[in-house]
Amino acid sequence: MDTPYAIEMLNITKRFPGIIANDNITLQLKKGEIHALLGENGAGKSTLMSVLFGLYQPEEGIIKKDGVEVSIKNPNDANALGIGMVHQHFKLVECFNVLDNIILGVEDTKNGFLQKKEARKKVMALSERYGLSIDPDAIIEDITIGMQQRTEILKMLYRDNEILIFDEPTAVLTPQEIDELMQIMKNLAKEGKSILFISHKLEEIMKVADRCSVLRKGKYIGTVETKDTTMEELSAMMVGRNVNFHVAKEEKTPGDVVLDVENMVVASEGHKMDAVKNVSFKVRGGEIVCIAGIDGNGQRELVEGITGLLPLKSGKLTLLNKDITKESIRHRNKMGMSHIPEDRHKHGLVLDYSLEDNLILERYFEPEFTNKAGFLRRKNIRNYANKIIEQYDVRSGQGPVTIARSMSGGNQQKAIIGREIDKNPELLVAVQPTRGLDVGAIEYIHKQLVAQRDAGKAVLMVSYELEEVMDVSDRILVLYEGEIVGELDPKKTTEEELGLYMAGAKRDEVKA
Amino acid sequence: MRKILKNEGVQAFAASILCILLGMLVGYIALLFINPSGAGEAIMDLIKNFFNLNNPAKQLQRFGNTVAKTIPLLMCSLSILFSYKVGLFNIGAAGQYCIGVCASLYAALQWHWGWLPCMLLAIVAGGIAGALVGILKAAFNVNEVISGIMLNWIILYFTNIVLTKVKEVASPYTGYLNDLNPKALLPNAGLDRFFNGNQYITIALPIALIVTIVIWIILNKTKLGYELKATGFNSKAAKYCGMAEKRNLILSLVISGALAGLGASLLYQTGYMRWECTAASVPGMGFNGIATAFLGGLSPIGAIFSSYFIQHIADGGAYVDKTVYCSQISDFISSVIIYFCGFVFFIKYLMNTALAKKNKKDTNANKEGGEN
């Protein structure tokens, strides 16, 4: 049978208790095209890909490969059909080298011994053919994120996969690396591979994809040729309304110093070297200061030092003119520090607790929620939870008693943001507050941050997304290898300049 | 029907029952191998326990004995499940129970204290033993299982040394409380009448029930329970929100230890048991508490039933015909059943996957036959 399509998913419907994750969705991937899959969080992209990968069985609909109906019961079936995927979080063995990671699971052996010569030849040939530069003998934990990603791509190519799925591949890359990846994807498509590209980022989709299919709330909205459409149109298709890309923000003169960081040093967890080296800066009321930089340059330690999760090796922290260097986390909380943590599952929520129990996580001990005898005041907790849920539009299956684990990522984040902002903090530390969220939710969260600033509160934000950094902040500090290498004014700089600072190619002497 | 099956409580109960049946089946098969002729009878004897006796009055009396031994098991089971809620596996409960025996008997026989101070001392001793494990974990990140097991041995020999001072001259056993210090015996408060005058039924029974309910309340209704469970589910989030996770960790082990220590006092101060000063291992009570806690679905209320059941089986072993099987067979069979009781969560997992599969099949079938 001759068909232009490599993979067709026809009228796929997948239900979960209470929701229809995929409602009659059709996705047709042409041979040799780059096809973007766009949708908000919870739109059903992951479910659809899991169906394609054999992790879920759809209740309705069929999958065709090259025009022939196939049944994909598990990931092995998908592999056998030549479907490969680069996950958002790489699946690499950190302490193995690149070559070993590529051949892992499909190694050639002779009498039980590994035969790596042939494999090496094949890997190098592939790497040359598609312009994927790697060092086969480098250990994964020593190489850049970009090279790790190329390793993942080579893994798929080594298995002769024809259909390549990229799950939000640019989230972790620098602007320069993103450009490289785009080129690689184009090369792959030119060589006849079919690519499914899952992304939130409209700009990239416009740049690299041939066609784009949009999902919204589990429903198929449509497929468009990217050359016939605009970013505005795509975002309207995705969210169902027009979205403001730029954060409306009025000029504001910063007030008094709220947080003063002096010569802060934080040891890295391995204690081999310091993760934060002698960093000093101030955050004033009524301004949003953004720490920019590539993931892993000491942002985590910086924030954990400020919030009290990690001890300082040396230096001094002052919050509202009081020395808090040695104060406990709870004390800092009570003094008016709020913290939206980077990892909402690890730090932000107790996933097995209900939503209402999560909303009081930092206030449960207050007399409003615990009586003198130490009993929880369930009625007050319920009322408070309902208030936050309504105010911050936190959506969930069963309201306050929903188990946090079963909520969507966006709503989990909204719950955390509601909890942190409702404490009415003087200083709001927000780390990657929009990570993994869709445009609608991002817009909402940015508005909340700006509202805090307008109310005269100090906001310290950490973000790896250039656009977000440029858009939201009043002042940018670039962190590179644990040091502040630049202080920039977002109105006077460009993304390219910022990128150079982030990559360590440019630095100023900064005395903030 | 499916709705009922999805209910947490029903599931826990069904899984527990399945575990018990599985244990019996395996025990039965083992008996078949040893001597097929008496296997069925032996299992029945085990289950019947005191019903093997043909005199109702005697039955009631023996029932009392089982109840008396259920009480410390219940306490050990609470000890295990309480620390488990905080994410700790308190295998040291066996040692904490043992130090409770040491404290209560020494206070009773050497210092001639009354029953209440003896009991309080046992609670304190168990709490201290728990605190040791907790402090090691909090300060040096020593795994609580390792330090718990090692502490079990230390406590065992410590107990043997200490109680040798109050043992009978002619035997390795400690003296009878009844003869040496009757005021250390827990009062019967008339409860023995309900068990045909069984002297071992004392206020231990209401104390145990009250403690169980208190533990349930602490876990489910109080700020402390909220903190402890949050720490158990996600210690990083607990730290993030400013809970003193190290203090909570130690506190939960102190409470665990105190429960085990109390359990010891509630048995030994009835006079039912005496300590053998040449004992080569800590009493199995603490270890049985593990299976009991899981069999009871990690709920304090569930533990009441599971601890009775396990003690019932353990006592029932005494009625197995020793002319057909060797004398260890009773312990063997009851331990096989107890062992399987630890599988509750595995069985529950199997049930859930089976249920999910069936659900899927049904939705598919429904669709073919039109919606619902």
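How each quantity is defined
- Residues numbered from 1 in each chain as written.
- Chains lettered and ligands numbered in written order.
- Predicted model: local features only at pLDDT ≥ 70, side-chain atom pairs only at ≥ 80, totals over all residues.
- Heavy atoms only, no water.
- Helix = DSSP H or I, 4+ residues; strand = E, 2+ residues; numbered from the N terminus.
- Rg over C-alpha atoms; globule rule 2.2 N^0.38 Å.
- Buried < 20%, exposed > 50% of the residue type's maximum accessible area, 1.4 Å probe, protein only.
- Contact = heavy atoms within 4.5 Å.
- Areas by Shrake-Rupley, 256 points an atom, 1.4 Å probe, with all protein chains shown as cover.
- Pairing = 2+ DSSP bridges.
- Axes fitted to C-alpha atoms, helices over the stretch in contact; angles between N-to-C directions.
- Parallel < 35°, antiparallel > 145°, perpendicular 65-115°, else oblique.
- Left-handed = near helix turned anticlockwise from the far one by under 90°.
- Nonpolar A, V, L, I, M, F, W, Y, C, P; charged D, E, K, R; others polar.
- Salt bridge = Lys/Arg side-chain N within 4 Å of Asp/Glu carboxyl O.
- Buried area = accessible area lost by both parts, 1.4 Å probe.
- Polar contact = N/O pair within 3.5 Å; in protein donor to acceptor, adjacent residues only side chain to side chain.
- Expected span 1.5 Å × (residues − 1).
- Lys, Arg positive; Asp, Glu negative; His and termini not counted.

Draft legend 1. The arrangement of the overall build of chain B in detail. Across its full length, chain B carries 16 helices and zero strands. For 372 residues, the compact-globule estimate of 2.2 N^0.38 gives 21 Å, and chain B sits close to it at 22 Å. Overall size of chain B, expressed as C-alpha extent along the three principal axes, is 80 × 65 × 40 Å. Looking at chain B residue by residue over its 372 residues, the buried ones come to 51%. The long-range share in chain B, meaning contacts at least 24 apart out of those at least 6 apart in sequence, stands at 77%. Only carbon and sulfur atoms are counted for the fraction: they give 67% of the accessible area of chain B, which is about 16,800 Å².

Draft legend 2. Representation of the pairing of strand β6 (residues 83–86) of chain A. All names here are of chain A. The alternating pattern of β6 places I83 and M85 on one face and G84 and V86 on the opposite face, and all of these are buried. Bridge analysis of β6 against strand β9 (residues 163–167) gives four bridges, and the strand direction is parallel. Looking at β9, one finds that G84 is bridged to L164.

Draft legend 3. Structural detail: the sheet that holds strand β14 (residues 274–284) of chain A. All names here are of chain A. With respect to topology, four strands assemble into an open sheet ordered β14-β13-β16-β17, the strand pairing being antiparallel. Strands at the two margins of the open sheet, each flanked by one partner only, are β14 and β17 (322–323). The sheet strands contacting helix α9 (residues 299–307) are β13 (257–267), β14 and β16 (314–319), and the helix crosses β13 at an angle near 120°.

Draft legend 4. Representation of the packing of helix α13 (residues 378–391) of chain A against helix α14 (residues 409–422) of chain A. Residue and element names in this part refer to chain A. Closest axis-to-axis distance for the α13/α14 pair is 10 Å, and the angle between their directions is 110°. Considering the angle they form, α13 stands roughly perpendicular to α14. Once α13 is placed against α14, the crossing between them reads as right-handed. Residues Y384, K387, I388 and Q391 of α13 form the contact with α14, whose participating residues are G418, R419 and D422. Partitioning the contact of α13 with α14 into residue classes produces two nonpolar, two polar and three charged.

Draft legend 5. The packing of helix α6 (residues 115–140) of chain B against helix α12 (residues 245–268) of chain B, seen in detail. All names here are of chain B. For the pair α6 and α12, the least separation of the axes is 6 Å and the interaxial angle reads 145°. In the crossing of α6 with α12, the sense of the turn from one axis to the other is right-handed. Touching M119, A122, I123, G126, G127, G130, A131, V133, G134, I135, K137 and A138 of α6 are K246, L249, I250, L253, V254, G257, A258, G261, L262, S265 and L266, all from α12. Of the residues contributing to the contact of α6 with α12, the split by class is 14 nonpolar, seven polar and two charged.

Draft legend 6. Fine view of the pattern of salt bridges. Residue and element names in this part refer to chain A. If you walk through the whole model with that rule in mind, you get 41 salt bridges over all chains. Residues R382 and E356 are paired through a salt bridge, measuring 2.7 Å at the closest nitrogen-oxygen approach. With R382 in helix α13 and E356 in helix α12 (residues 355–359), this residue pair connects regions lying 26 residues apart in the sequence. In this structure, a network of salt bridges that share partners links the residues E356, D357, R378 and R382.

Draft legend 7. Quick peek at the interface of chain B and chain A. Counting residues at the interface gives 22 residues for chain B and 30 residues for chain A. Counting the surface chain B buries against chain A, the share from its top three residues, B:K223, B:Y226 and B:Y240, is 34%. Along the contact surface separating chain B from chain A lie 15 residue pairs in polar contact (both at pLDDT 80 or more). Elements that contribute at least two residues to the side of chain B that touches chain A include exactly α9 (204–221), α10 (223–233), α11 (235–240) and α16 (344–368) of chain B.

Draft legend 8. Region of interest: α12(B). Taking 1.5 Å of rise per residue, 24 residues should cover 34 Å, and α12(B) covers 35 Å from first to last C-alpha, within 8% of that figure. Of all the 24 residues making up α12(B), 18 are buried; the element is thus mostly covered by neighbouring parts of the structure.

Draft legend 9. View of helix α8 (residues 231–239) of chain A. Residue and element names in this part refer to chain A. Among all positions of α8, only L234, S235, M237, M238 and V239 are buried. Looking at the buried residues of α8, the elements they touch are β3 (34–39), α7 (202–208), β11 (211–216), β12 (219–225) and α15 (439–454). Backbone geometry just downstream of α8 places G240 in the positive-phi region, at approximately 85°.

Draft legend 10. Focus on the side chain of A:Q452. As for its position among the elements, A:Q452 is in helix α15. A:Q452 has contacts with A:I421, A:P425, A:L428, A:K457 and A:V459, leaving out every residue within four places of it along the chain.

Draft legend 11. Expanded view of the side chain of B:D192. Residues and elements named next belong to chain B. Tracing the chain through its elements places D192 in the loop between α8 (177–180) and α9. Comment: no salt bridge for buried D192; closest opposite-charge side chain is R193, at 5.2 Å. Residues in contact with D192, not counting those within four places in the same chain, are G197, N198 and I201.

Draft legend 12. Broad picture of the environment of A:Y384. Residue and element names in this part refer to chain A. Mapped onto the elements, Y384 comes out in helix α13. Judged by relative accessible area, Y384 falls into the buried class, the value being 5%. Here Y384 is in contact with L359, I360, R363, F369 and D422, once residues within four sequence places are set aside. Here R363 takes part through its side chain, which lies 3.2 Å from a polar atom of the side chain of Y384.

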